[in-house]
Amino acid sequence: MRSKAELGPDTSFQTLAEFYKQSEYAVYPQQHRSGGSYSANLMQVEQEAVDMVDAPVPEYGFALLMSNVSTLEVDIGDGLLRYRDVQRGSLNVVPPRTEVRFVVPSSHTIRVLSIPAKTLDPILLEARLPSDAFSNHYFTGKEFTPQPSIDALMNQLWRVSLGSSPSDDLYFDGLVLQFVAELTQSRTLSPLGEERPEDIRIARAIEYIEAHLGRSLTVAEVASVACLSPAHFSRSFKAHTGEPVWTFVQRRRSERAMEMIQHSSHTIADIAYQCGFSNQGHMTTCLKRRFGITPSALRAELRASSRQRTRRRK
């Protein structure tokens, strides 16, 4: 196993970036960036299969997986924990001053945001967040799920870090605060304000549903976009929209299908697929129940109406 010990028994590092540049990770393609006033660093590393020990540094490390891996094993001092089928967009947080062994048997890419504990701890304290504010994102044996909102914020941080103006630094700081606020579910910390209404999160979830109606969706997936637990999200969604999540999804699928039946030349089977129904029969049942007409009957009415208009013009 490769470890920091190979650099010498007295070797110590102040940042993850420093460790990655000087340890055996240095053989892998790396990009390093920084921005803002919080001494935050970003790096992206394209790694082969690894079995390495990351040195303890006085920083919080927020590591986002940029590719799928079949297995991931981690040891933070209590033995190796194994995770299977870890998906792109999954995030873990490594606490400061923590030595971690990673075993990944395949090539993969990670993007990491690191923030000094001396910078972040006072921010968490001022926001009245507990010392274990990130505990839900530590390696504790639970399965990791992709977090689209965190993925989006990390992408924004990566892009903005290329800027050099004071406004870019200010924007970068705001994104860092929002990133931490999303992970801790803190309205106080969010730049959007202490009184940030929860409907902002629900609106973001609705946008996600609209953009992915043709896909198989789960409550857990959509809840992660809103940065809420599935149970909390389900309650909040119904309170804000007046409908349970799946009632809303099925209604919007049915409404989109009706629009496509009336205004496109796609086959009925293709429309069912594009709108996320399991098959044509399922869509027919849903549309008959909601609108009182089947897709085939609607298409027949539209053709008849079109023929009548053509005759009148003649």
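Here the structure is shown first, and the text comes after it.
Note that the structure is a prediction, hence the values are computed from the model and not measured.

A. Quick look at the overall build of the protein. Scanning the protein from terminus to terminus reveals eleven helices and nine strands. For a compact globule of 314 residues, the expected C-alpha radius of gyration is about 20 Å, and the protein comes in at 25 Å, more than 25% above that figure. Across the protein, contacts joining residues at least 24 apart in sequence account for 67% of those joining residues at least 6 apart. Element-wise, carbon and sulfur atoms account for 50% of the exposed surface of the protein, whose accessible area totals about 15,900 Å². Of the charged side chains in the protein, 36 are positive and 35 negative, and the gap between their average positions amounts to 16 Å.

B. Main features of the layout of surface pockets. Within this model, the largest pocket holds a volume of roughly 610 Å³. If you go around the largest pocket, you meet 29 residues; those closest to its centre are His137, Thr145, Gln147, Ser224 and Leu228. Secondary structure elements with two or more residues in the lining of the largest pocket: helix 3 (148–160), helix 4 (166–184) and helix 6 (219–225). A per-element tally of the lining of the largest pocket places helix 6 first, with four residues. Of the residues in the lining of the largest pocket, the class split is 13 nonpolar, eleven polar and five charged.

C. Main features of the sheet that holds strand 8 (residues 100–104). The strand order 3-8-5-6 describes an open sheet built from four strands, whose pairing is antiparallel. Only two strands of the sheet have a single neighbouring strand rather than two, namely strand 3 (50–54) and strand 6 (81–86). Adjacent strand axes in the sheet meet at a mean angle of 20° when their direction is disregarded. Bridging between strand 3 and strand 8 involves five bridges; their strand directions are antiparallel. Residue aspartate 51 lies in a different strand from strand 8, and its bridge partner there is valine 103.

D. Geometry of the side chain of glutamine 47. Note that glutamine 47 resides in strand 2 (residues 40–47). Here histidine 108 takes part through its side chain, which lies 2.7 Å from a polar atom of the side chain of glutamine 47. Excluding residues within four positions of it along the chain, glutamine 47 makes contact with Tyr20, Tyr25, Tyr28, Ser106, Ser107, His108 and Ile110.

E. Inspection of the sheet that holds strand 2 at higher detail. With antiparallel pairing, the five strands of this open sheet are ordered in space as 1-2-9-4-7. The two strands at the open ends of the sheet, each matched to only one other strand, are strand 1 (30–35) and strand 7 (91–94). This sheet shows a mean twist of 20° between the axes of neighbouring strands, independent of strand direction. Examined bridge by bridge, strand 4 (residues 59–65) and strand 7 share four bridges and lie antiparallel to one another.

F. Fine view of the side chain of arginine 33. When you line up the elements, arginine 33 lands in strand 1. Buried charged residue arginine 33 carries no salt bridge. Nearest counter-charge: glutamate 46, at 10 Å. Excluding residues within four positions of it along the chain, arginine 33 makes contact with Asn41, Leu42, Trp158, Arg159, Ser161 and Leu162.

About the criteria used
- Residues numbered from 1 in each chain as written.
- Predicted model: local features only at pLDDT ≥ 70, side-chain atom pairs only at ≥ 80, totals over all residues.
- Heavy atoms only, no water.
- Helix = DSSP H or I, 4+ residues; strand = E, 2+ residues; numbered from the N terminus.
- Rg over C-alpha atoms; globule rule 2.2 N^0.38 Å.
- Contact = heavy atoms within 4.5 Å.
- Areas by Shrake-Rupley, 256 points an atom, 1.4 Å probe, with all protein chains shown as cover.
- Lys, Arg positive; Asp, Glu negative; His and termini not counted.
- Charge placed at Lys NZ, Arg CZ, Asp CG, Glu CD.
- 1 Å grid on protein atoms, 1.4 Å probe; cavity = no way out; pocket = protein on both sides within 12 Å on 5 of 7 lines; lining within 4 Å.
- Points joined across faces, edges and corners; volume = space filled by probe spheres on them.
- Nonpolar A, V, L, I, M, F, W, Y, C, P; charged D, E, K, R; others polar.
- Pairing = 2+ DSSP bridges.
- Axes fitted to C-alpha atoms, helices over the stretch in contact; angles between N-to-C directions.
- Polar contact = N/O pair within 3.5 Å; in protein donor to acceptor, adjacent residues only side chain to side chain.
- Buried < 20%, exposed > 50% of the residue type's maximum accessible area, 1.4 Å probe, protein only.
- Salt bridge = Lys/Arg side-chain N within 4 Å of Asp/Glu carboxyl O.

Keep in mind that these numbers describe shape and distance, not what the molecule does.
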